[in-house]
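Analysis of the macromolecular model
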Amino acid sequence: MRKLKPAIFCALFFLAFTTVVSAGPPPAEFDKADSYQTAGEYEEAIQYYKIALTKTTDVDWMGIIFKRLSNCHRQLKQYDEAIKTAQMGFQMGLKSTSYPKLLPAGNLYQLAQAYRGKGQPDKAINAFKKCIEFTQAAGCYAGVAGILDDRKDYEQAIATWEKAAANDSGMLFYLARSYYYSGRYDDALDTLSKSIKFLTIVTNGCKFKIDDRYPVIKEVREGSSAQKEGLQAGDKIVKIGSKSTKKRGWNEISDLLKGKEGTQVTLKIVRKGVKKPFIVTLTQEKIIQQTAAGSFALRSLIQRHKGNADEAFKAADQAYSLNPNDTFAQLALGSSDLDHGRNDEALKLLSQVKENTDARIFEATIYAKKNDFSKAIEILSAIPEESLSPKDVPLWSDRTALLKALRPFSAPKIENAARLKGQGRSKEALKELGDALKIADEAKSEEILSKMYGIIKMDPTLSELPEKARKYALRGDAATEEGNFEAAVQEYRHAVRVAPYIGKLYFNTAMIYGKLKEYAKAIHYIKLYLQLAPEAPNARAAKDQIYKWEFMMERKK
């Protein structure tokens, strides 16, 4: 879902590079810096890593320290420093004879993440691809695929996720997610089945460590046979079946505890505070790991879009049971509650899903169905335009359903505008049409803009900018002069919302999107301008600009 980033595999990939051990001893400050980094105290870690750099000339250790410095700077959003230190680490890695591939790749990975954090996705992709030249690690492919997902280039994202999943089954969920976004629901379901299978294990639920020559339970898996039999962390296993566990190694103990589904093993347990040892019998059972919650949730969302409401609820309920804090699980169960008319339950769940376009669309739909149109429109209007795209098939479908639910609000607005126009109350008519435009699809937008053009043509004085829209437009002009086109386009979009009947606002917004090389959006806004001002002196030039932008879009492909 939107704003839900694949952070888990990034962390795992980073940790894979922390296992590098140089032939020589580390500087004394290195371990202290590592402890601070592990604790999330990045500023302190940076201080000690910098001291450690002054205490070694070992190329391997310098490469490792620069990589970790880059990570610390990135966590603090100090992206320029993160980029600089990763580049230095990469140069050290190129000199390494012990780790000629792993060390450069680790620094390139940090460099790519720093570029991504700084908002330079093209440079990030290049760094990830260079990382792939050194190692085929799944995390490198995943970094590229994540950016392609952000760009809604799902075809290329899928191809890249497939490469990641070939090296790491943990990537199957992300591959399924791209299938889902692109509307390839059956492919997504097949991939999710593989993901869930990967996340299903056969176990009796004992996690142990070796302590004082005996295996001691450090954790009991939830829902397992060990939990059902009442085993606790700290319990000492002194016998497995007829075999004493004393002085046996971790691997040997692990093998004794394993078995096929349904097989049983008897443990003799010594527990502090209990006078006599006691016996428990554990059964090997299939356990679906908590991390499978996202896969079940995505299965639910797919079944929902395939029209299988009951299957959708069943999968959502299973996802939520596995992990009620999982964002996908909350989203899936919330959307299922929406479909079943449980509006209050749905709103409660969806409100927990922050910065997510799907959740906001669902919330707006609920309010529309409750005839609270002002709240629904408020939520819809606050959704960033760039997060809505027909390339995102399920999201666009949900948006279409929302607009349909808002028709009872839109139709009277258009009818009232016609009545007000007939009464000569043109300004009020424009306001009614502006309200209707906020929730119009493309076909209805064209109709509304045509009506606006007719009103303004009759009274050209209405084309003067209202003061509030003028303020936003001038702020946009100032940002454009500074070359800050991202800020400029935001200001102009505010101006458009205030005065949606002023053609030049659409034209200027289009030209700024052109500067940003976001040609699809530029074309969209220039077409809105031409609908609102078909007889403008620059109409021919505007149409020609569309041809140029279409050419640029073809070249980008």
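Rules behind the numbers
Residues numbered from 1 in each chain as written. Predicted model: local features only at pLDDT ≥ 70, side-chain atom pairs only at ≥ 80, totals over all residues. Heavy atoms only, no water. Helix = DSSP H or I, 4+ residues; strand = E, 2+ residues; numbered from the N terminus. Buried < 20%, exposed > 50% of the residue type's maximum accessible area, 1.4 Å probe, protein only. Contact = heavy atoms within 4.5 Å. Areas by Shrake-Rupley, 256 points an atom, 1.4 Å probe, with all protein chains shown as cover. Core = buried A, V, L, I, M, F, W, Y, C linked by side-chain atoms within 4.5 Å. Salt bridge = Lys/Arg side-chain N within 4 Å of Asp/Glu carboxyl O. Phe/Tyr/Trp six-rings, centres within 6.5 Å; stacked < 30°, edge-to-face > 60°. Axes fitted to C-alpha atoms, helices over the stretch in contact; angles between N-to-C directions. Parallel < 35°, antiparallel > 145°, perpendicular 65-115°, else oblique. Nonpolar A, V, L, I, M, F, W, Y, C, P; charged D, E, K, R; others polar. Pairing = 2+ DSSP bridges. Polar contact = N/O pair within 3.5 Å; in protein donor to acceptor, adjacent residues only side chain to side chain. pLDDT = per-residue confidence, 0-100. Arc of directions from axis to C-beta.

**With respect to the overall build of the protein**
- Helix and strand counts for the protein come out as 28 helices and eight strands.
- Expressed along its principal axes, the backbone C-alpha trace of the protein runs to roughly 95 × 60 × 40 Å.
- Residues counted as buried form 50% of the 557 residues belonging to the protein.
- Looking at the protein alone, contacts between residues at least 24 apart form 57% of all its contacts between residues at least 6 apart.
- Summed over its atoms, the accessible surface of the protein is roughly 27900 Å², and 50% of this surface lies on carbon and sulfur atoms.

**Section: the nonpolar core**
- Core analysis: the biggest nonpolar cluster contains 89 residues, and W161, M171, Y180, L298, I302, L380 and L406 have the highest contact counts within it.
- Core analysis: the next-biggest nonpolar cluster, separate from the first, contains 50 residues, L437, A473, A499 and Y525 among them.

**Some details on the pattern of salt bridges**
- Under the defined criterion, the tally for this structure stands at 29 salt bridges.
- When the shortest N-O distance is used, the salt bridge between D398 and R304 registers 3.0 Å. Here D398 is found in helix α20 (residues 393-405), whereas its partner R304 is found in helix α14 (residues 293-305), with 94 residues between them in sequence.
- Judged by its relative accessible area of 8%, D398 is buried.

**Details of the environment of P100**
- As for its position among the elements, P100 is in the loop between α5 (79-95) and α6 (102-117).
- Relative accessible area serves as the criterion here: at 44%, P100 is assigned to the partly exposed category.
- For P100 and F134, which are 34 residues apart along the polypeptide, the C-alpha to C-alpha distance reads 8.5 Å.
- Residues within four places of P100 in sequence aside, it is in contact with G93 and F134.

**Digging into the packing of aromatic side chains**
- According to the stated counting rule, one finds 16 aromatic pairs in the structure shown.
- Here W161 and Y174 contribute two aromatic rings whose centre-to-centre distance is 5.3 Å and whose plane-to-plane angle is 20 degrees, an arrangement assigned as stacked. Residue W161 is located in helix α9 (residues 154-167), and its partner Y174 is located in helix α10 (residues 172-181); the two are separated by 13 residues in the primary sequence.
- Accessibility expressed as a relative area gives 0% for W161, which makes it buried.
- Y174 gets classed as buried once you look at its relative accessible area, which sits at 10%.
- Aromatic pair F173 and F328: ring centres 5.3 Å apart, planes at 80 degrees, arrangement edge-to-face.

**Quick notes on α10**
- Across the 10 residues that make up α10, a large majority, 10, are buried.
- Inspection of α10 places L172, F173, Y174, L175, A176, R177, S178, Y179, Y180 and Y181 among the buried residues, and these make up the whole buried set.
- G183 lies just past α10 and shows a positive phi near 85 degrees.

**Digging into the packing of helix α23 (residues 442-458) against helix α27 (residues 519-532)**
- Packing of α23 against α27 brings their axes to within 8 Å, and their N-to-C directions diverge by 40 degrees. Overall, the two elements α23 and α27 adopt an arrangement that is oblique. In this structure, α23 uses S445, E446, L449, M452 and Y453 to contact α27, whose residues at the interface are L528, Q531 and L532.
- For the contact of α23 with α27, the class distribution of residues is five nonpolar, two polar and one charged.

**Quick look at the pairing of strand β3 (residues 214-220)**
- Here β3 lies mainly inside the structure; five of its seven residues are buried.
- Examined bridge by bridge, strand β2 (residues 206-211) and β3 share six bridges and lie antiparallel to one another. The residue bridging F208 from the neighbouring strand is I217, located in β3.
- Counting the residues between successive antiparallel strands, the hairpin from β2 to β3 contains two residues, one of them, D212, with a positive phi of roughly 55 degrees.

**With respect to the side chain of T357**
- On the secondary structure map, T357 appears in helix α18 (residues 357-369).
- By relative accessible area, T357 is classed as buried at 7%.
- At 3.3 Å, the side chain of T357 and the side chain of S387 are in polar contact.

**Thoughts on the confidence of the model for the protein**
- Overall, the prediction assigns the protein a mean pLDDT of 91, with 95% of residues at 70 or greater.
- Counting contacts from residues 3-23, a segment whose pLDDT is below 50, to residues more than four positions away or on other chains yields 43 contacts.

**Section: helix α17 (residues 343-350)**
- Every buried residue of α17 is accounted for by N343, A346, L347, L349 and L350. All buried residues of α17 lie within an arc of 165 degrees about the axis, which places them on one face of the element. Looking at α17, the residues exposed on the side facing more than 90 degrees away from the buried face are D344 and K348.
- Along its buried surface, α17 packs onto α15 (309-322), α16 (327-339) and α18.

**Remarks on unusual backbone geometry**
- The phi dihedral of K247 is positive, around 65 degrees, even though this residue is not glycine.
- Mapped onto the elements, K247 comes out in the loop between β5 (243-244) and α13 (250-257).
- For N371, which is not glycine, the phi dihedral falls at a positive 65 degrees.
- For N371, the position within the fold is in the loop between α18 and α19 (373-381).

**Some points on the environment of S397**
- For S397, the position within the fold is in helix α20.
- In this structure the C-alpha to C-alpha distance between S397 and H305, which are 92 residues apart in sequence, comes to 8.5 Å.

**A short note on the environment of K515**
- By secondary structure assignment, the location of K515 is in helix α26 (residues 503-515).
- Assessed through its relative accessible area of 56%, K515 is described here as exposed.

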